[in-house]
Amino acid sequence: MIHTQAAQLAPQEAALAEFRQKYPTFDATQSLDRLRATEYARLDAQHHVYLDYTGGGLYAECQVREHMKLLCSRVFGNPHSTNPASQVMTNLVEQARRFVLGYFHASPDEYVVIFTPNASGALKLVGESYPFAQGGRYLLTFDNHNSVNGIREFAQAKGAAITYVPLEPPDLRVNEAHLHRLLAQALPGQPNLFAYPAQSNVTGVQHPLEWIAHAQQQGWDVLVDCAAFVPSNRLDLSIWQPDFVPLSFYKMFGYPTGIGCLLARKSALTKLRRPWFAGGTITLSSVLAADATGSGFYLTPGEAGFEDGTINYLMLPAVEIGLRYLEAIGVEMIHERVGCLTGWLLEQLLALRHSNSQPVVRIYGPITTERRGGTIAFNFFDPSGAVFDWYAIEGDANQNGLSLRSGCFCNPGVREIALGLVREDLASVFRQKERMTYEQFLHVIDGRKQGSLRVSVGLATNFSDVYHFLQFAHTIIDRFAPPVLAT
């Protein structure tokens, strides 16, 4: 029986006043509140609290209007031609390419922009084309999106050694001494690829960009997944010079979807060997000569040799529109707002207690804003310490107009370390994966420990959003998790 009274949430105006006192720099971001009221008015009109910015950014109405105006005022054709409609489109495509380089301060003498469907498409380009071989290595952290993990299949097929750098609880950061020992094991002259995220898409951990130069000095090509990092952080490629940078534009500014890019150093791009060719990637090919000496085709040099088929050309002007929009706001302002709101949320969630003083929330990853972004992974626990099913909680949030996310977020390494899953249990699952159903898998690992909840803040988030989420979190106080039914 619970006897004591759980803490009450202060009224929103009082909470805001206290928040502004603790985070005075938040007032310098008030122009974002004005944008929220105009460009994102649909959120408040629909009483919708959106806290899934790591899943996808929200577009401003002005982005869509400007793009639609452009499409309705011109005639655009497939850029793979010299006719007038195609030439106009070619100019806009190359203009967007130049603007991407400029936004990230990437010298056109050193970097190229390869347009892809998304960050995963960019990663596949690297994975399938990188010259993995026996004697070479693929080194990656436990904290990686599955699209980075998937590159190991290409590495393994070509005989390269694969090594994962573990994470250390509770912050789920990399042991840098261990990392440096692994980096020092690269054989000179061999193809060695090191991959890690600039920001975790689960815990918000920001892994040091200083690793880039250190790894390169040790003989590694470096791939830095920046999909979760660039929406609210400055990536300056005149300072940091990774070899490969995959990203998705919709994560930055919401519209358009279906376009990402691979920013690649020209020196690294020359090492890649494509396993096939396609329309748009070649300057010349032959059917009759395919059986003769030679391969029967010439791959187009540079970025065009990696853009398969017809690129999503009508949407590319919207990329420049979105980047100009972010540039006008200033990513530093977005960064400041995200930091303030994340700091307050972390403090408030950690302070939640049941009436018997047991914590309501367990956060996976850092509990301060130091070297972390605006993504928080967590689970709710009842007064007895039993975890609530994350899927059921997401259903409750849906009923309250809250968009958050649940699952393992395509990042199994973080999940396995954070939730304390056992290697042998997981290995037994995959030894018989042809016969193992998902329900059986949940039984093996304990279905309640399969994932977590995630909230993430971004450009259009205001204090009211995080306050309403905290109101929802307060409804968990003194609730008990339903018993697990025996299977």
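Residues numbered from 1 in each chain as written. Predicted model: local features only at pLDDT ≥ 70, side-chain atom pairs only at ≥ 80, totals over all residues. Heavy atoms only, no water.

Teacher, can you tell me more about the state of the cysteines here?
Among covalent bonds in proteins, the disulfide is the one between the sulfur atoms of two cysteines. Overall, the coordinates contain zero disulfides when judged by the stated rule. With no disulfide of its own, Cys-226 lies closest to Cys-261 among cysteine sulfurs, the gap being 9.9 Å. (Disulfide = S-S within 2.5 Å.)

In this structure, what is going on with the packing of aromatic side chains? I would like to understand it.
The geometry of an aromatic ring pair comes down to the distance between the two centres and the angle between the two planes. Summed over all chains, the structure comprises 20 aromatic pairs. Residues Phe-132 and Tyr-138 carry aromatic rings whose centres are separated by 5.7 Å and whose planes lie at 65° to one another, so their mutual orientation is edge-to-face. Judged by relative accessible area, Tyr-138 falls into the buried class, the value being 0%. An angle of 25° between the planes, with centres 5.1 Å apart, marks the rings of Phe-194 and Tyr-196 as stacked. We note that Phe-194, like Tyr-196, is buried. By way of ring pairs, the aromatic residues Phe-19, Tyr-23, Phe-26, Trp-344, Phe-463 and Tyr-467 are connected into one cluster. Above the face of the Tyr-59 ring, Arg-42 is positioned so that its terminal group lies 4.3 Å from the ring centre. (Phe/Tyr/Trp six-rings, centres within 6.5 Å; stacked < 30°, edge-to-face > 60°. Buried < 20%, exposed > 50% of the residue type's maximum accessible area, 1.4 Å probe, protein only. Lys NZ or Arg CZ within 6 Å of the ring centre and 35° of its normal.)

Just checking my understanding: could you explain the confidence of the model for the protein chain for this structure?
Counting all residues, the mean pLDDT for the protein chain is 92, and 91% of those residues have values of 70 or more. Within the model, the stretch residues 1–5 combines pLDDT values under 50 with eight contacts to residues more than four positions away or in other chains. (pLDDT = per-residue confidence, 0-100. Contact = heavy atoms within 4.5 Å.)

How should the sheet that holds strand E14 (residues 375–380) be read in this particular structure?
Sheet strands pair via backbone hydrogen bonds, and the direction of the pair is either parallel or antiparallel. With respect to topology, four strands assemble into an open sheet ordered E13-E14-E17-E16, the strand pairing being antiparallel. Edge positions in the sheet fall to strand E13 (361–364) and strand E16 (405–407), since each of these pairs with one other strand and no more. Ignoring which end each strand starts from, the neighbouring axes of this sheet average 35° apart. Bridge count between E13 and E14: four bridges; the pairing is antiparallel. The residue bridging Ile-363 from the neighbouring strand is Phe-378, located in E14. On the sheet, helix H14 (residues 331–351) packs against E13, E14 and strand E17 (452–456) and is oriented at approximately 135° with respect to E13. (Pairing = 2+ DSSP bridges. Helix = DSSP H or I, 4+ residues; strand = E, 2+ residues; numbered from the N terminus. Axes fitted to C-alpha atoms, helices over the stretch in contact; angles between N-to-C directions.)

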